[in-house]
Amino acid sequence: MVELEIDGRKVEVPEGSMVMDAAHKLDIYVPHFCYHPKLSIAANCRMCLVDVEKAPKPLPACATPVAQGMIVRTHSDKAVQAQKGVMELLLINHPLDCPICDQGGECQLQDLAVGYGASASRYQEEKRVVFHKNAGPLVAMEEMSRCIHCTRCVRFGQEVAGIMELGMVHRGEHSEITTFLEGSIDSELSGNMIDICPVGALTSKPFRFAARTWELTRRASVSPHDSLGSNLVMQVKNNKVMRVVPQDNEAINECWISDRDRFSYEGLNSSERLTRPMIRDDGTWRETDWPTALGYVAQGLRRVIEVDGARALGALATADSTLEELFLLGKLVRALGSENIDFRLRHADFSHDAVGHGIPWLGLPIADVRRLQSAFVIGSFLRKDHPLLAAKLRRACKSGCKLSVLHAADDDLLMPVHARLIAAPSAWVSLLAEVAAGVADAKGIGRPVAVASVRPGEAAQRIAQSLMAGERKAVLLGNAAAQHPEATQLAALARWLADNTGASFGYTVEAGNTVGAHLVDAKPRQGGLNAAQMLDAPPAAMLLLNVEPEFDTPRGAAALEAMRKSAFVVALSAYKHGAMDYAQVMLPIAPFSETAGSFVNCEGVLQSFNPVVASVGQSRPAWKVLRVLADQLGLAGFEYDAIEAVREAALQGVDIAARLGRSEAPPLSQTLGSANGREPAGDAGFERLSEVPIYRSDAIVRRAPSLQQTRDARLAGQIALPADAWERLGLQPGDRVTVKQGPFSAELPARLDAGLAAGVVRIPTAHPATASLGALFGAVSVHKV
């Protein structure tokens, strides 16, 4: 520790700290622009000049290391004069357009100009002009003359997002921040550049000229779009969400959020919102009131149960529904005598229901991911599925973490990768078995029976060695691994690896409340039908909570057809969607911004939130709808007057830490079959690799216009082929192909993806263009149109 004095106050900080760090410890504000606590030191704005005793000139606080006995004055005449001089230089070319600037009222330059700027400018020459740039649908670079070249945006791209999409060109007063070759900004974290820009150079294009900052009220919330549960500040005007920014939470999202969390609020204001209960009579939809609609639902459910029995009732829900909603849905279905409820809509392997215990979760605190020394990620589109988790791993890799991956696509993770196993999904189990064999051989322990005859390759041995080194390490299963047809065997092998290398074992987890859904048992118990069984043979009566079967299930078109076979379908949804073709009743429920509730993130942290705006039209929180429906059905035990009472009932007797302490993976000895993998595609030609595109993940995101204009959204409706298949089929950019998967087919535009394993084609799900196809994995044939 080093002791120094700042403005007459003594402070101790670790050796190597900067004067700025010491000032922060004393809550002394030093004016600055280029400094940011999460970014590297640039010291190029010079606004933080301070007076250091015995130094010949003022020094930048952000880049001056502390020394024993140092005496610093941040507000002496010498320091203030230097700071005012810097401010005068910064304002030389800055346009005088504060009244029309989107940053007005929350601008760091504006604030500091009040304290350090002069009342008049001595500069008489012409000001420079920087022409606007089109950087894509999310980040506006319309007024780059305002830029003060702090380079925060450049450093953010390099250090946090992992990709340098912005840089500086030219010299002196001709310097300007720009994209490369007039390209767009496509990072999944790009919106954070808007937050850290201290002036109005980078602004939000969807929010541009929509409201002034002082007109907005700020309310805290939690994101439902991925398993991290990022903390949000939702800014509201006239009962409408106008903008979303991050709320600092060092343990979860730090001070960042993904673009999906930031810009998906547009979907909350979609014209497709369902605003009144609707009933279909003789094929015609009519709006009605809540008592009539709920009475109609209760009567229909009773009729089905009387005729076909309680097993004829089923319920499907998405894992971005709140803990309270999922609890009440399960309680209602079970009170009616059925166990047919599930939220695992995209899963293919349910064998672990019989042999596995516990809940899939991350296996370690989110904050510890950035401190890992070794990580093995299995079957994850990491950057797009979990952008902020990828950023934390990226930070770990900068500190020397050895990251290894097992996947069918060698995507650029924008971080160093120690070892790769890139192969078709049918080979994942056997490749994971190679790593297990490598660990067993290196440690001199007996191999598990399932991997007794496996011969590990070079890459598998490198992964095994990396997992045995260091102390902080993790084996993580991604969304694709959880949705894999052999998910149970993958989990068992991954668990064995973790147990025998001292690593933590966990899942990146798919949705905002997947862990919460497990906690309240929103899945079938003994004798109940799982999601796949209900989609193959739908019960006579179906309750759908936030579900759009055409996008939230693997076989969209087949799921729609299955719903049409059900005699009585009730859709609880915030939006009008495909249910208009098959449902008998549509009940408008509130999205997360209009209801109170809780999510449990991948770490097992329960986060509760309140509504930030009033419900649109006659939509109501789903927990209230389910409670009143239970009353209509005459069910006891639903007398909840407040959301807190529902939450307490849902978690009564549930020890979250204890439930998470048990692994979701069964022991390797309990899994069925050997670790030899499935048969490859064979005569069909290719294997399908499927992902849920980042901007197709849930109903809200799918209705955000700005996100649907991004590069990622454009790629979501295309098929990607590896180089060997591209050449074999004689394809050229812009060509279309016909894809056949069993009895299903689709015609799609094709693109080349050199990172795909041989024999693998990448076909996204949750998209209208691919909804007519089959399961997420399996054999497909591809032919040029």
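Cut-offs applied
Residues numbered from 1 in each chain as written. Predicted model: local features only at pLDDT ≥ 70, side-chain atom pairs only at ≥ 80, totals over all residues. Heavy atoms only, no water. Helix = DSSP H or I, 4+ residues; strand = E, 2+ residues; numbered from the N terminus. Rg over C-alpha atoms; globule rule 2.2 N^0.38 Å. Buried < 20%, exposed > 50% of the residue type's maximum accessible area, 1.4 Å probe, protein only. Contact = heavy atoms within 4.5 Å. Areas by Shrake-Rupley, 256 points an atom, 1.4 Å probe, with all protein chains shown as cover. Lys, Arg positive; Asp, Glu negative; His and termini not counted. Charge placed at Lys NZ, Arg CZ, Asp CG, Glu CD. Core = buried A, V, L, I, M, F, W, Y, C linked by side-chain atoms within 4.5 Å. Domains from an automatic or database assignment. Buried area = accessible area lost by both parts, 1.4 Å probe. Salt bridge = Lys/Arg side-chain N within 4 Å of Asp/Glu carboxyl O. Polar contact = N/O pair within 3.5 Å; in protein donor to acceptor, adjacent residues only side chain to side chain. Nonpolar A, V, L, I, M, F, W, Y, C, P; charged D, E, K, R; others polar. Pairing = 2+ DSSP bridges. Axes fitted to C-alpha atoms, helices over the stretch in contact; angles between N-to-C directions. UniProt positions renumbered as here; feature names shortened; annotations may be inferred. Expected span 1.5 Å × (residues − 1).

*Asks:* Help me understand the overall build of the protein chain in this model?
*Replies:* Along the backbone of the protein chain there are 24 helices and 32 strands. Taken over the C-alpha trace, the protein chain has a radius of gyration of 28 Å; the compact-globule value for 785 residues is 28 Å, and the two agree within 12%. Its C-alpha atoms put the protein chain at 90 × 70 × 60 Å along the principal axes. Within the span of the protein chain, comprising 785 residues, buried residues form 62% of the whole. Long-range pairs, those at least 24 residues apart, make up 72% of the contacts in the protein chain between residues at least 6 apart in sequence. Counting every atom, the protein chain has about 30000 Å² of accessible surface; 50% of that belongs to carbon and sulfur. Averaging the positions of the 81 positive and the 88 negative side-chain charges in the protein chain gives two centres separated by 1 Å.

*Asks:* I would appreciate a short explanation of the nonpolar core in the present structure.
*Replies:* A general trend in soluble globular proteins is that nonpolar side chains are found buried together. If you look at the biggest cluster of nonpolar residues, it comprises 185 residues, and the most contacted ones within it are Leu332, Phe376, Leu403 and Leu587. When residues of this core are assigned to their parent elements, the largest contribution, ten residues, is made by helix H12 (residues 428–443). Apart from residues lying up to four places away in sequence, Leu403 is in contact with Ala375, Val377, Leu393, Cys397, Leu413, Met415, Pro416, Val417, His418 and Ala419. In this structure, Ile6, Val13, Ala22 and Val72 belong to the second largest nonpolar core, which totals 23 residues.

*Asks:* What is the right way to read unusual backbone geometry from this model?
*Replies:* Backbone geometry follows two general trends: most residues other than glycine have a negative phi, and most peptide bonds adopt the trans configuration. Within the chain, Ala43 stands out as a residue other than glycine whose phi angle is a positive 55°. The residue Ala43 is located in the loop between helix H1 (19–25) and strand E3 (49–52) in this model. The residue Leu181 is not glycine, and still its phi comes out positive at about 55°. Structurally, the position occupied by Leu181 is in the loop between strand E8 (176–179) and helix H5 (192–196).

*Asks:* Quick question: what am I supposed to make of the domain arrangement of the protein chain here?
*Replies:* Where interface size is quoted, it is often the accessible area lost as the parts come together. Domain boundaries in the protein chain define domain 1 (291–354 + 518–657), domain 2 (366–507) and domain 3 (686–784). Summed over both sides, the interface of domain 1 with domain 2 buries roughly 690 Å², with 54% coming from carbon and sulfur. Applying the counting rule to domain 1 against domain 2 returns zero salt bridges. Summed over the shared surface of domain 1 and domain 2, the result is five residue pairs in polar contact (both at pLDDT 80 or more). Within the side of domain 1 that touches domain 2, the residues separate by chemical class into two nonpolar, four polar and three charged.

*Asks:* I tried to follow the environment of Phe686 on my own but got confused; where do I start?
*Replies:* Mapped onto the elements, Phe686 comes out in strand E27 (residues 686–689). Of the residues examined, Phe686 reaches a relative accessible area of 3% and is grouped as buried. Considering only alpha carbons, one finds Phe686 and Val761, 75 residues apart in sequence, at a separation of 6.5 Å.

*Asks:* Please clarify how the sheet that holds strand E2 (residues 9–13) should be interpreted in this entry.
*Replies:* Note on sheets: strands pair through backbone hydrogen bonds, and any given pair is parallel or antiparallel. If you trace the five strands from one edge of the open sheet to the other, you get E2-E1-E5-E3-E4, paired in mixed fashion. Of all strands in the sheet, those bounded by a partner on one side alone are E2 and strand E4 (59–60). Sheet analysis places strand E1 (residues 2–6) next to strand E5 (residues 71–73), joined by two bridges and oriented parallel. Each residue of the ladder has a partner; that of Ile6, found in E5, is Val72. Lying over the sheet, helix H2 (residues 77–90) contacts E3 and E5, oriented at roughly 160° with respect to E3.

*Asks:* Looking at this model, I keep getting lost on the UniProt feature "domain: 4Fe-4S His(Cys)3-ligated-type" (unreviewed entry) in the protein chain. Mind explaining?
*Replies:* The feature "domain: 4Fe-4S His(Cys)3-ligated-type" (unreviewed entry), as given by UniProt, occupies residues 78–117 in the numbering adopted here. Span residues 78–117 is 55% helix and 0% strand, its end C-alpha atoms 16 Å apart.

*Asks:* Quick question: what am I supposed to make of the pairing of strand E20 (residues 473–477) here?
*Replies:* Taken residue by residue, a regular strand's side chains alternate between the two faces of the sheet. Where burial is concerned, most of E20 is hidden: five out of the five residues are buried. Relative to E20, strand E17 (residues 374–378) runs parallel, the two being bridged by five bridges. By the bridge assignment for E20, Phe376 is matched with Val475. Judged from the four bridges that link them, E20 and strand E21 (residues 504–507) form a sheet pairing that is parallel. Along E21, the bridge assignment pairs Leu477 with Tyr507.

*Asks:* What am I meant to see in helix H11 (residues 387–398) here?
*Replies:* Every α-helix winds through 3.6 residues per turn, so residues three or four apart in the chain are directed the same way. Spanning twelve residues, H11 covers 17 Å between terminal C-alpha atoms, matching the ideal 16 Å at 1.5 Å per step. With ten of twelve residues buried, H11 is to be regarded as a mostly interior element. Check the buried side of H11 and you find it contacts helix H4 (152–161), helix H6 (259–263), E17, helix H10 (382–385) and strand E18 (402–407). Once H11 ends, the next one or two residues include Gly400, with phi positive near 105°.

*Asks:* Would you explain the UniProt feature "domain: 4Fe-4S Mo/W bis-MGD-type" (unreviewed entry) in the protein chain in this entry?
*Replies:* The sites that carry the UniProt feature "domain: 4Fe-4S Mo/W bis-MGD-type" (unreviewed entry) are, in the present numbering, residues 216–272. Along residues 216–272 the backbone is 9% helical and 35% strand, and the end-to-end C-alpha distance reaches 25 Å.

*Asks:* In this structure, what is going on with the pattern of salt bridges? I would like to understand it.
*Replies:* Pairs can form between side chains of opposite charge whenever their charged atoms are close. Applying the stated rule across the entire model yields 46 salt bridges. Through salt bridges with shared partners, a single ionic network connects Glu272, Arg346, Glu510, Glu548, Asp552, Arg702 and Arg703.

*Asks:* For this particular structure, what's the right way to read helix H8 (residues 323–335)?
*Replies:* Given a rise of 1.5 Å per residue, 13 residues ought to cover 18 Å, and the 18 Å separating the end C-alpha atoms of H8 matches this to within 8%. Buried within H8 are the following residues: Leu323, Glu324, Glu325, Leu326, Phe327, Leu328, Leu329, Gly330, Leu332, Val333 and Arg334. Of the residues flanking the end of H8, it is Gly337, one or two places downstream, whose phi is positive at about 100°.

*Asks:* Would you explain the sheet that holds strand E11 (residues 231–237) in this entry?
*Replies:* Here three strands make up an open sheet; going across it, the order is E10-E11-E12 and the pairing antiparallel. Sheet topology places strand E10 (217–222) and strand E12 (240–246) at the edges, where each strand pairs with a single neighbour. For this sheet, the mean inter-axis angle between neighbouring strands, taken without regard to orientation, is 35°. Bridging between E10 and E11 involves six bridges; their strand directions are antiparallel. Across the sheet, residue Val222 finds its bridge partner in E11, namely Asn231.

*Asks:* Would you mind going over the pairing of E3 with me for this structure?
*Replies:* Of the two faces of E3, the one holding Leu49 and Asp51 and the one holding Val50 and Val52 are both buried throughout. One ladder, built from two bridges, connects E3 with E4; its direction is antiparallel. Counted as the bridge partner of Val50 is Leu59 from E4. Between the antiparallel neighbours E3 and E4 lie six residues, among them Lys54 with a positive phi of about 80°. Here E3 runs beside E5; their pairing, made up of two bridges, is antiparallel. Residue pairing in the sheet places Asp51 in a bridge with Arg73 of E5.

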